[in-house]
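The residues making up each chain are set out below.
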Amino acid sequence: MSSIAIKGVKKNYSKTAVVHGVDLEIATGEFIVILGPSGCGKSTLLRMIAGLEDISGGEIWIDNKLVNQMEPRERGCAMVFQNYALYPHMTVAENIGYALKVAGVPKAERMKRVAATAKVVGLEAFLDRRPAALSGGQRQRVAMGRAIVREPKVFLFDEPLSNLDAKLRVAMRAEIRRLHRRIAASPLPPSLSRTTRPRR
Amino acid sequence: MVERTPIFNAICQIVLLIGLLTVLLPFVIVIVAATHDIRAVNTVPMSLVPGSDLFVNLHEAWVRADLGRKLFNSFLFAGAVAAGKVLLSSMAAFAIVYFRFPGRMLMFWLIFITLMLPLEVRIVPTYAVAANALAPFQAILDITGISWLIHQVSGLQVKLEWGLLNSYTGLILPLVATATGTFLYRQFYLTVPDELAEAAKMDGSGPVRFFVDILFPLSKPNMIALFTIMFVWSWNQYLWPLLITTDPNFGIAVTQLKNLIPSEFGLPDWNVAMAGTLIIMAPPLIVVILMQRWFVRGLISTEK
Amino acid sequence: MEKRATFSSTTIGLLFAAPMLVLIFVFFYWPSGQALYWAFTLEQPWGGGNTWVGLQNFRQLLMDPYYWGAISRSMVFGLGSTSIAMGVALLLALFTDREMRGHKAYRSVFIWPYAIAAPALGLAFRFILAPEAGFLSLINQIWPGLWNPAMDGTDAMIAVIIAFSWKYIGYNFIFFLSALQSIPRSLIEAAAMDGSGPMRRMWDIQLPLLTPTLFFLLVINITESFQDSFGIVDIMTQGGPARATELMVYKIYFDGFKGLDYSGAAAQSIILMGLVVLLTIVQFRFVERRVHYK
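What you see is a predicted model; the values in this text were computed from it and never measured.

Some remarks on empty space enclosed by the protein
Part 1 of the reasoning: Here the structure, examined in full by the defined rule, presents two cavities of 30 Å³ or more.
Part 2 of the reasoning: In this structure, the largest cavity spans a volume of roughly 50 Å³.
Part 3 of the reasoning: Around the largest cavity, the lining residues are A78, M79, F81, R146, A147 and R150 of chain A together with A190, M193 and D194 of chain C.
Part 4 of the reasoning: Here the residues of the lining of the largest cavity are counted per class, giving six nonpolar, no polar and three charged.
Part 5 of the reasoning: Around the second largest cavity, the lining residues are P26, F27, V30 and M281 of chain B together with I116, L121, A124 and W166 of chain C.
Part 6 of the reasoning: Within the residue set of the lining of the second largest cavity, elements represented by two or more residues are α1 (6-33) of chain B together with α5 (118-128) of chain C.
Part 7 of the reasoning: Ranked by the residues each element gives to the lining of the second largest cavity, the list is headed by α1 of chain B, at three residues.

Considerations on the interface of chain B and chain A
Part 1 of the reasoning: Counting from both sides, the interface comprises five residues of chain B and, opposite them, eleven residues of chain A.
Part 2 of the reasoning: Of the roughly 640 Å² buried where chain B meets chain A, counting both sides, 43% is carbon and sulfur surface.
Part 3 of the reasoning: On the chain B side of the interface with chain A, the three residues burying the most area are M1, V2 and R4 of chain B, jointly 90% of the side's total.
Part 4 of the reasoning: On the surface where chain B and chain A come into contact, there are one salt bridge.
Part 5 of the reasoning: R4 of chain B is paired through a salt bridge with E74 of chain A; the nearest N and O atoms lie 2.9 Å apart.

Let's talk about the sheet that holds strand β5 (residues 65-66) of chain A
Residue and element names in this part refer to chain A.
Part 1 of the reasoning: With antiparallel pairing, the four strands of this open sheet are ordered in space as β2-β1-β4-β5. The outermost strands of the open sheet, each flanked by one partner alone, are β2 (16-26) and β5.
Part 2 of the reasoning: Judged from the two bridges that link them, strand β4 (residues 57-62) and β5 form a sheet pairing that is antiparallel. Counterpart to I62 in the pairing with β5 is K65.
Part 3 of the reasoning: The sheet strands contacting helix α1 (residues 42-50) are β1 (4-13), β2 and β4, and the helix crosses β1 at an angle near 115°.

Details of the confidence of the model for chain A
Residues and elements named next belong to chain A.
Part 1 of the reasoning: A residue-level look at chain A finds 90% of positions with pLDDT of 70 or above and a mean pLDDT of 82.
Part 2 of the reasoning: Element-level pLDDT for chain A is lowest in strand β8 (residues 191-196), with a mean of 55, against a maximum mean of 90 in helix α4 (residues 107-121).
Part 3 of the reasoning: Per-residue pLDDT stays below 50 along residues 186-190; that stretch engages in 14 contacts with residues further than four places along the chain or on separate chains.

Points about unusual backbone geometry
Residue and element names in this part refer to chain A.
Part 1 of the reasoning: In this model, D63 sits at a positive phi of 55°, which is unusual for a non-glycine residue.
Part 2 of the reasoning: Along the chain, the position of D63 falls in the loop between β4 and β5.
Part 3 of the reasoning: Given the relative accessible area of 18%, D63 is considered buried.
Part 4 of the reasoning: For E151, which is not glycine, the phi torsion reads 50° and is therefore positive.
Part 5 of the reasoning: Locating E151 in the fold gives a position in the loop between α5 (136-148) and β7 (154-158).

Quick notes on the interface of chain C and chain B
Part 1 of the reasoning: Contact with chain C, which involves 99 residues of that partner, is made by 114 residues of chain B.
Part 2 of the reasoning: Buried surface at the junction of chain C and chain B, summed over both partners, amounts to about 10,100 Å²; 78% is from carbon and sulfur atoms.
Part 3 of the reasoning: We note a salt bridge from D234 of chain C to K258 of chain B, for which the minimum N-O separation is 2.9 Å.
Part 4 of the reasoning: Broken down by class, the residue content of the side of chain C that touches chain B amounts to 70 nonpolar, 17 polar and twelve charged.

Considering the pattern of salt bridges
Part 1 of the reasoning: Taken as a whole and judged by the stated rule, the model has 17 salt bridges over all chains.
Part 2 of the reasoning: The salt bridge partner of D63 of chain A is K153 of chain A, with a shortest N-O separation of 3.7 Å. With D63 of chain A in the loop between β4 and β5 and K153 of chain A in the loop between α5 and β7, the pair connects residues that are 90 residues apart, well separated along the chain.
Part 3 of the reasoning: Using a relative accessible area of 25% as the deciding quantity, one classes K153 of chain A as partly exposed.
Part 4 of the reasoning: What emerges from the salt-bridge pattern is a single network uniting R47 and E53 of chain A together with E189 of chain C.

Here's the deal with the packing of aromatic side chains
Part 1 of the reasoning: Following the criterion strictly, the structure yields 54 aromatic pairs over all chains and no others.
Part 2 of the reasoning: With a centroid separation of 5.9 Å and an interplanar angle of 40°, the aromatic rings of F99 of chain B and F7 of chain C are classed as tilted. Residue F99 of chain B is located in the loop between α4 (67-98) and α5 (104-113), and its partner F7 of chain C is located in the segment before α1 (10-39); the two belong to separate chains.
Part 3 of the reasoning: Under the relative-accessibility criterion, F7 of chain C is labelled buried at 5%.
Part 4 of the reasoning: The interplanar angle of 40° and the centroid separation of 5.2 Å between the aromatic rings of W270 of chain B and F127 of chain C together place this pair among those described as tilted. Of this pair, W270 of chain B sits in helix α16 (residues 270-290) while F127 of chain C sits in helix α5, each in a different chain. Here W270 of chain B and F127 of chain C have matching classes, each one buried.
Part 5 of the reasoning: Clustering of aromatic rings is evident, with ring pairs tying together F94, Y98, F99, F101, Y185, F188, Y189, F210, F211 and F216 of chain B together with F7 and F16 of chain C.
Part 6 of the reasoning: In this arrangement the basic side chain of R146 of chain A is found over the ring face of Y87 of chain A, its NZ or CZ atom lying 4.8 Å from the centre.

As for the packing of helix α7 (residues 135-144) of chain B against α1 of chain C
Part 1 of the reasoning: Where α7 of chain B contacts α1 of chain C, the axes come no closer than 10 Å and their chain directions differ by 85°. When the axes of α7 of chain B and α1 of chain C are compared, the pair comes out roughly perpendicular. The segment α7 of chain B lies against α1 of chain C, with A135, P136, F137, A139 and I140 of chain B engaging V22, F25, V26 and W30 of chain C.
Part 2 of the reasoning: Per-class residue counts for the contact of α7 of chain B with α1 of chain C are nine nonpolar, no polar and no charged.

Rules used throughout
Residues numbered from 1 in each chain as written. Chains lettered and ligands numbered in written order. Predicted model: local features only at pLDDT ≥ 70, side-chain atom pairs only at ≥ 80, totals over all residues. Heavy atoms only, no water. 1 Å grid on protein atoms, 1.4 Å probe; cavity = no way out; pocket = protein on both sides within 12 Å on 5 of 7 lines; lining within 4 Å. Points joined across faces, edges and corners; volume = space filled by probe spheres on them. Nonpolar A, V, L, I, M, F, W, Y, C, P; charged D, E, K, R; others polar. Helix = DSSP H or I, 4+ residues; strand = E, 2+ residues; numbered from the N terminus. Contact = heavy atoms within 4.5 Å. Buried area = accessible area lost by both parts, 1.4 Å probe. Salt bridge = Lys/Arg side-chain N within 4 Å of Asp/Glu carboxyl O. Pairing = 2+ DSSP bridges. Axes fitted to C-alpha atoms, helices over the stretch in contact; angles between N-to-C directions. pLDDT = per-residue confidence, 0-100. Buried < 20%, exposed > 50% of the residue type's maximum accessible area, 1.4 Å probe, protein only. Phe/Tyr/Trp six-rings, centres within 6.5 Å; stacked < 30°, edge-to-face > 60°. Lys NZ or Arg CZ within 6 Å of the ring centre and 35° of its normal. Parallel < 35°, antiparallel > 145°, perpendicular 65-115°, else oblique.

Okay, structure coming up:
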């Protein structure tokens, strides 16, 4: 049921137009990759879907609901940032569980879900570490775990592989694919979209 | 970000407005008080509608505090301290970063430690040194026996003396003698790519050329930032100038504030006092307003 | 961090450093050593050099109730003005950082107080807080005699604290805002995606990440309250009434230059130096364990 409809979406920064009217339909469970040269507005589009950026024109619908005026937390999107944006002062477990904590999920339940998520992304052994003590790939997993744990309707990955080395990239690509299959198999599969720069 | 938090936003705006008032009100009061005549400035509460005596008061304060001379001295003093800091610290940092010689680390720490103790804390002995800036060297000569030796050989009595009380040098030098700027420059030099020095070497330039032709021009942003904050800082110095300049010819503007305090007898002429305050506080304020970006940047990188 | 490309000439290197080294030797190390020497000696009243008296100067100081008074007043002043200046600045910086309408104006105006010389704002606040003119005098019209910094020690202390805090709001604001702006934007956005509102984000994300800055400013503010307070106190109260605002540096100045008791003043300087050095060391130990953003 989690579909996204983007209708004529535009973005202007003062007078320069960055996104010139995008139309896009993403069906439930679909995996979409947005490609383009750098600076063409991929990230901006993603951020508009997430609610991090105001929409200058057009409409964004998630699950047949107009979300233009909704705050990020009301949209049910999760996002993996390009630099992962992990909270440096929190442990892996706290990072993953933060969204649940804000949502007021009781501690016991929270721990359970964090543990389950950590298993999915293969971080069970690192739950007490801080981001500074993790490798690039592990940080990436924390960021994904943080997205998965809330069971969002939409996953957004903003250039998720650009900060990794070549070998890790291949591995993570497979991982994202695996993750998509696994989550898409659940009763209400979310849409998944990501941006990436074209590879040379 | 799409966010609907009207109540919190309103609270923020109100708090910021109160903050704005708190910050601006003293400025407004000083300015308005400077426009009143002596009767109006003493009515309670003072009217915030400006009076018409601004120039009369400015003139009165100007004459009473001898501001023509004092402002000139202040500009000279603050400018010289700032320039001295820029020059000496860029050079010292160059030695620390770009050379490898024994004792370099010791030098680094010797300079570094000066950051810890501000002038105010060691004011009494510094004042004594200023009475004769060569006293340390005299003492060294005496202790090591060199002055005795000279006396024996040539019959000359060694007496080094260079009094700095009531002189521009005495005002300026002790304030230059701290490491504040050295660290700003050190951090900047460390970010300069190694290739630059290597290329300069390939082109056949030695350290002095490299410093003058490449490093100095490159560090212009640092220079401006350091100059700005040092100018403001020195303009606002009070205790040191108060002690060292008993001769009014060398006095600076800020210490004149003391002469502007209204007498306890009769109706206090706060209007003149505030007019004087206005003149004296204006130059650094204008510098900060015009150079805000540099000022902020300099402040943040010197203190870290 | 070390440079790969360096120059080998020791002479030129030393020449570059020499002016700074000579200056700090004459005006920093020599006087500091001198202070130590004076602190442990006593000047003969009829000339003839100093005699070694060991810890006598310190013993005398520590038995002097006026000295302890100056210390405790410095603490009250330091802690009072620091908490006001930091609290207000933090609030203003957090709210300015939300970049609402007018944030650019706030960003520059809140810095202004720091540009003002301590004695200048001392004179300004002496007028603003004067009991017979100015603005707080309104209080005296309603409750006569309630506010009088010229007679009442507590009022005088409050007055100098207000003046000093006002200036350092500007200083602290600069540092808080720049620290807030160095927190990666995506962290705030990630927290928003995690569903936390602006107030929650301040508490959960921004404040914890500001701890190094908080601590740094705490130390700087207290150190500055020792030194930059001189101009304010000298203009506003001259240490009075009845020593109620006689802070440590003011007492050093008074004993040393008005009382001409160099040894006593030097001993006081040594204790103050010790305090400042202690604070600085504490700060450096903490800065080592700084939170890293990446």
